[in-house]
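Understanding the architecture of this molecule
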Amino acid sequence: MNKIGSISCGDAVGMALDHSAADLSACDETDHSTPAAVEIPGNLYLAAEGGVVNAQLKLARLWSNVAKEPGGSAEALRWYLKAADLGNREAQFSVGFMYLEGLGVSCDYKEAFRWFLLAAEKGESSAQANLGWLYENGFGAPQDEAEAVRWYRKAALNEDPYAALSLGLMYSRGCGHPQNPNAAYIWISIAAWNGVPEAEDEQEKLEQTMTRNQISMAWRQAKACISSGYKGCACI
């Protein structure tokens, strides 16, 4: 569910954000009848209505799987919101993502930011990565590259490979942090190691500006970071 942006720092966003708060009461007017593609046990609904968070999450995921069905996304959002209001960080991230993408509700960057922040503060790595993206691009909050770096770093240390790529790119470009090719190469290599497709191209670009010794040292640091379970990355 990561929303990693391609807008680099310094680029003009070129779009006015004038999203009014979405009216979630409209979602509650959705036809909640179950599409034929979804079979939901009655006791699951009873548990969810009774405030059992795991049941609410399971219902939300079931509805998300049939998002193309009439009312599917809105129903998923309805159940994610119930779990999110009870403080569940996965649900809070999911609500933020649905606002970000306009799934079952009008796209609203400010609401996406609010829900991502709640989840990010609880340690949800995907929310931390998306919060970094919003700060980097000035969506839902004033653009703040230093804050973007801070949240990308938190997510990268929580083993989010897309955040590792974004953090590496920020270090490479000197956005929100003094330019640091060595740290950039380490984090981009970690992203590549974890299968992020764009990371290998970025690695090659950096290698053209580095010596063999610099590349070798950075690669050893990246491997040490991974093998330590990201505990050895704190100083990078």
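Located above this text is the structure these notes cover.
Read on for an overview of the structure.

Quick notes on the overall build of the protein
Each helix and strand in the protein was counted, giving twelve helices and zero strands. Order of helices (α) and strands (β) in the protein, N terminus to C terminus: α-α-α-α-α-α-α-α-α-α-α-α. Going through the 236 residues of the protein one by one, you find that 46% of them count as buried. Entry remark: accessible area of the protein is about 11600 Å², with carbon and sulfur atoms responsible for 49%.

Here's the deal with the pattern of salt bridges
Two side chains bearing opposite charge may form a pair once their charged atoms approach each other closely. A complete count under the given rule lists six salt bridges for this structure. Ionic pairing is found between glutamate 90 and arginine 61, a salt bridge with its closest N-O pair at 2.9 Å. Of this pair, glutamate 90 sits in helix H5 (residues 89-101) while arginine 61 is found in helix H3 (residues 53-64), placing the two residues 29 residues apart along the sequence. Here glutamate 202 ties to lysine 205 by a salt bridge, and the two come within 3.5 Å at their closest N and O atoms. A residue pair is termed a helical-turn pair when its members lie 3 or 4 positions apart in one helix, as glutamate 202 and lysine 205 do in helix H11 (residues 199-207) at three residues.

Section: the nonpolar core
Counting 73 residues, the largest nonpolar core has Val95, Phe116, Leu134, Trp187 and Ile190 as the members making the most contacts within it. The dominant element in this core, judged by the number of residues it contributes, is helix H10 (residues 181-193), at nine residues.

Brief notes about the environment of tyrosine 185
Looking at the element boundaries, tyrosine 185 is found in helix H10. For tyrosine 185, a relative accessible area of 3% corresponds to the buried category. Once residues within four sequence positions are removed from consideration, tyrosine 185 is found in contact with Gln203, Leu206, Glu207, Met210, Ile215, Ala218 and Trp219.

Let's talk about the environment of serine 94
Along the chain, serine 94 turns up in helix H5. Distance from serine 94 to tyrosine 80, taken between C-alpha atoms, is 6.8 Å for residues 14 residues apart in sequence.

Some remarks on the side chain of asparagine 137
Within the element layout of this structure, asparagine 137 appears in helix H7 (residues 125-137). Among the polar contacts made by the side chain of asparagine 137, one reaches the main-chain carbonyl oxygen of tryptophan 133 at a distance of 3.0 Å.

Topic: the state of the cysteines
Each disulfide consists of one covalent bond between the sulfur atoms belonging to two cysteines. Inspection of every chain in the model, using the stated rule, returns one disulfide. With no disulfide of its own, cysteine 235 has cysteine 233 as its nearest cysteine by sulfur position, at a separation of 9.8 Å. Residue cysteine 235 is classed as exposed on the basis of its relative accessible area of 84%.

Some thoughts on the packing of aromatic side chains
Here the structure, examined in full by the defined rule, presents seven aromatic pairs. Here tryptophan 133 and phenylalanine 139 contribute two aromatic rings whose centre-to-centre distance is 5.3 Å and whose plane-to-plane angle is 70°, an arrangement assigned as edge-to-face. With a centroid separation of 5.7 Å and 50° between ring planes, the pair formed by tryptophan 193 and tryptophan 219 is classed as tilted. Here tryptophan 193 is found in helix H10, whereas its partner tryptophan 219 is found in helix H12 (residues 212-227), with 26 residues between them in sequence. On the basis of relative accessibility, which here comes to 52%, the residue tryptophan 193 falls in the exposed class. Aromatic rings pair up to connect Phe93, Phe97 and Phe116 into one cluster.

Calculation rules
Residues numbered from 1 in each chain as written. Predicted model: local features only at pLDDT ≥ 70, side-chain atom pairs only at ≥ 80, totals over all residues. Heavy atoms only, no water. Helix = DSSP H or I, 4+ residues; strand = E, 2+ residues; numbered from the N terminus. Buried < 20%, exposed > 50% of the residue type's maximum accessible area, 1.4 Å probe, protein only. Areas by Shrake-Rupley, 256 points an atom, 1.4 Å probe, with all protein chains shown as cover. Salt bridge = Lys/Arg side-chain N within 4 Å of Asp/Glu carboxyl O. Core = buried A, V, L, I, M, F, W, Y, C linked by side-chain atoms within 4.5 Å. Contact = heavy atoms within 4.5 Å. Polar contact = N/O pair within 3.5 Å; in protein donor to acceptor, adjacent residues only side chain to side chain. Disulfide = S-S within 2.5 Å. Phe/Tyr/Trp six-rings, centres within 6.5 Å; stacked < 30°, edge-to-face > 60°.

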